[in-house]
Amino acid sequence: MATSQVETVSTGADKAKLIAALVLVIAAVAGFYLLSQHGPVAQWGVLVVGLLAAAATFFVSESGKQLLAFGKDSWKEVKKVVWPTRKETLQMTAYVFGFVVVMALFLWLTDKTLGWVLYDLILGWRS
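What you are looking at is a predicted structure, and each value in this text was computed from that prediction instead of being measured.

(A) Spatial organisation of the UniProt feature "transmembrane region" (unreviewed entry) in the protein chain. In the numbering used here, UniProt assigns the "transmembrane region" (unreviewed entry) feature to residues 18-35, 41-60 and 89-109. Between the first and last C-alpha atoms of residues 18-35 the distance is 26 Å; the span itself is 94% helix and 0% strand.

(B) Spotlight on the pattern of salt bridges. Overall, the coordinates contain one salt bridge when judged by the stated rule. A salt bridge links K80 to E77; its shortest N-O distance comes to 3.3 Å. With K80 and E77 both in helix α3 (residues 62-80), this residue pair falls three residues apart, about one helical turn. The class of K80 is exposed, set by a relative accessible area of 58%.

(C) Layout of the packing of aromatic side chains. Enumeration according to the criterion identifies three aromatic pairs in this entry. Ring geometry for F32 versus Y33: centroids 5.2 Å apart, planes at 85°, classification edge-to-face. What makes F32 buried here is its relative accessible area of 14%. Seen from their ring centres, F58 and F59 are 5.3 Å apart, and the 65° between their planes marks the pair as edge-to-face. What makes F59 partly exposed here is its relative accessible area of 33%. Taken together through their ring pairs, the aromatic side chains of F32, Y33 and W44 make up a single cluster.

(D) Inspection of a nonpolar patch on the surface at higher detail. A cluster of nonpolar side chains, L114, W116, L118, Y119, L121, I122, L123 and W125, forms an exposed patch at the surface whose accessible area comes to about 890 Å². Along the chain, the position of W116 falls in helix α4 (residues 86-122).

(E) Spotlight on the environment of K17. Within the secondary structure, K17 is located in helix α1 (residues 12-34). Since its relative accessible area comes to 30%, K17 is described here as partly exposed.

(F) Main features of the side chain of Q43. Residue position: Q43 is located in helix α2 (residues 40-59). When its relative accessible area of 13% is taken as the criterion, Q43 is described as buried. A distance of 2.8 Å separates a polar side-chain atom of Q43 from the backbone oxygen of F32. For Q43, the residues in contact, after removing those within four places along its chain, are F32, L35 and S36.

Procedures and definitions
- Residues numbered from 1 in each chain as written.
- Predicted model: local features only at pLDDT ≥ 70, side-chain atom pairs only at ≥ 80, totals over all residues.
- Heavy atoms only, no water.
- UniProt positions renumbered as here; feature names shortened; annotations may be inferred.
- Helix = DSSP H or I, 4+ residues; strand = E, 2+ residues; numbered from the N terminus.
- Salt bridge = Lys/Arg side-chain N within 4 Å of Asp/Glu carboxyl O.
- Buried < 20%, exposed > 50% of the residue type's maximum accessible area, 1.4 Å probe, protein only.
- Phe/Tyr/Trp six-rings, centres within 6.5 Å; stacked < 30°, edge-to-face > 60°.
- Patch = residues over 30% accessible without salt bridge, like charges linked within 9 Å, V, L, I, M, F, W, Y side chains within 5 Å.
- Areas by Shrake-Rupley, 256 points an atom, 1.4 Å probe, with all protein chains shown as cover.
- Polar contact = N/O pair within 3.5 Å; in protein donor to acceptor, adjacent residues only side chain to side chain.
- Contact = heavy atoms within 4.5 Å.

The structure is reproduced here in structure tokens:
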């Protein structure tokens, strides 16, 4: 039986950092709307600065560090992927299109055959 691990924010300092990041996001959005009479430069400036401060606060918390580590590991894995060549991609695409055409013809023939058997031969509706 596989056990699942649930990671939680454990320290008070981490909780405070996450709460501070949330407060900064709320303050940035509130500042954006409250500064509507001062023009778009002030609005967007407050929003961008507030969101950047919130992101910085989040990324110094344990959750933020784990997210960054996950992103780095994911990038390493993406670099390991062997991508198909153009020729392989075109061949596989042609195979898929060919298969779709063959299946469409098969299903159309099956439908017409069953319709002919049921309606013409058995029921005699199309005379």
